[in-house]
Amino acid sequence: RGGRGRRGVDRDAREDCGSFSLTPHGRDCDASVAASRREKMQKLHTYNATLDGRQWRHELVVARDLLDDVHEQIEIERIAPVAEVAARARLRPLARFHSAAQHEELVQS
């Protein structure tokens, strides 16, 4: 990852996208301008893919009505003992394979 956080990369990409000025390319376009244009287009493509991924995740959460479950989980973990929070964290990958009630039973056992 190169030591930079995801937010730093997103912020840089957003700032770069805001300052882009793509010049039309033609016969009089030299190699450095063409390379700069390719680099800018690649950054735009990467940034758009990031935004598309965010939109997809948002639509998934809304479509499956998962937002309330997340808030409930946060509240449970806020008041739960440390050992239970650790157990929930270890068992979280298994949650997708059964219902919420079954997962809660698993965590409590």
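Our subject is the structure that appears above.
Residues numbered from 1 in each chain as written. Predicted model: local features only at pLDDT ≥ 70, side-chain atom pairs only at ≥ 80, totals over all residues. Heavy atoms only, no water.

Our focus in this paragraph is the overall build of the protein. Within the protein one finds five helices and zero strands. The buried share of the protein, taken over its 109 residues, is 12%. Looking at the protein alone, contacts between residues at least 24 apart form 27% of all its contacts between residues at least 6 apart. Looking at the protein as shown, the accessible area adds up to about 9100 Å², and 56% of this sits on carbon and sulfur atoms. (Helix = DSSP H or I, 4+ residues; strand = E, 2+ residues; numbered from the N terminus. Buried < 20%, exposed > 50% of the residue type's maximum accessible area, 1.4 Å probe, protein only. Contact = heavy atoms within 4.5 Å. Areas by Shrake-Rupley, 256 points an atom, 1.4 Å probe, with all protein chains shown as cover.)

Each packed pair of helices is defined by two parameters, the angle between the axes and the distance between the axes. Helix H5 (residues 100-108) packs onto helix H4 (residues 82-91) with a crossing angle of 130° between their chain directions and a minimal axis gap of 10 Å. Between H4 and H5, the angle falls in the class oblique. The crossing of H4 and H5 is right-handed. Seen from H4, the contacting residues are Glu 84, Arg 88 and Leu 91; seen from H5, they are His 103, Glu 104, Leu 106, Val 107 and Gln 108. A class-by-class count of the residues in the contact of H4 with H5 yields three nonpolar, two polar and three charged. (Axes fitted to C-alpha atoms, helices over the stretch in contact; angles between N-to-C directions. Parallel < 35°, antiparallel > 145°, perpendicular 65-115°, else oblique. Left-handed = near helix turned anticlockwise from the far one by under 90°. Nonpolar A, V, L, I, M, F, W, Y, C, P; charged D, E, K, R; others polar.)

Together, Leu 67, Val 70 and Ile 74 give the surface a local cluster of nonpolar side chains, amounting to about 270 Å² of exposed area. Structurally, the position occupied by Ile 74 is in helix H3 (residues 67-79). (Patch = residues over 30% accessible without salt bridge, like charges linked within 9 Å, V, L, I, M, F, W, Y side chains within 5 Å. Salt bridge = Lys/Arg side-chain N within 4 Å of Asp/Glu carboxyl O.)

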